[in-house]
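Residues per chain, in single letters:
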Amino acid sequence: MNRKAERWTVDALLNHVRQVDKMMKDHQFCWVIGAGASKQSGIPTGAELADWWLRELYEQDCDSPQQTPIETWTSKENLDIDGIT
């Protein structure tokens with residue numbers, strides 16, 4: 001499938017959201033806005049959210065977080081994610 005990227009107007013986006021909400025009651029949306037717009041409003045940046053989510057996963061995954069430092073747990077070798085820092 002070779003689709004060309006689309007550019008929507010605000011009205012088109014709102015209409016799409018209304019249509020999805022009307023037809024798929026169990027569908028949920030998650031809005032992610034750019035750090036430039038959000039940081040000054042007190043909303044965490046993408047990097048801050050990634051750190052928060054990783055720490056949350058780390059605490060859920062480790063039986064004894066005191067024995068496994070988060071730096072070890074988040075290593076490429078442990079998570080098998082290239083380029084993780």
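For the structure itself, look to the data block above.
The rules behind each value
- Residues numbered from 1 in each chain as written.
- Predicted model: local features only at pLDDT ≥ 70, side-chain atom pairs only at ≥ 80, totals over all residues.
- Heavy atoms only, no water.
- Buried < 20%, exposed > 50% of the residue type's maximum accessible area, 1.4 Å probe, protein only.
- Phe/Tyr/Trp six-rings, centres within 6.5 Å; stacked < 30°, edge-to-face > 60°.
- Patch = residues over 30% accessible without salt bridge, like charges linked within 9 Å, V, L, I, M, F, W, Y side chains within 5 Å.
- Areas by Shrake-Rupley, 256 points an atom, 1.4 Å probe, with all protein chains shown as cover.
- Salt bridge = Lys/Arg side-chain N within 4 Å of Asp/Glu carboxyl O.
- Helix = DSSP H or I, 4+ residues; strand = E, 2+ residues; numbered from the N terminus.

The next subject is unusual backbone geometry. With phi around 55°, Asp80 is a residue other than glycine that occupies positive phi space. Judged by relative accessible area, Asp80 falls into the exposed class, the value being 60%.

So, about the packing of aromatic side chains. Here the structure, examined in full by the defined rule, presents two aromatic pairs. Judged by centre distance (6.5 Å) and plane angle (35°), the ring pair of Trp52 and Trp53 falls under tilted.

There is a patch of nonpolar side chains on the surface, built from Trp8, Leu13, Phe29 and Trp31 and spanning about 440 Å² of accessible area. One can find Leu13 in helix α1 (residues 10-23). What makes Leu13 partly exposed here is its relative accessible area of 34%.

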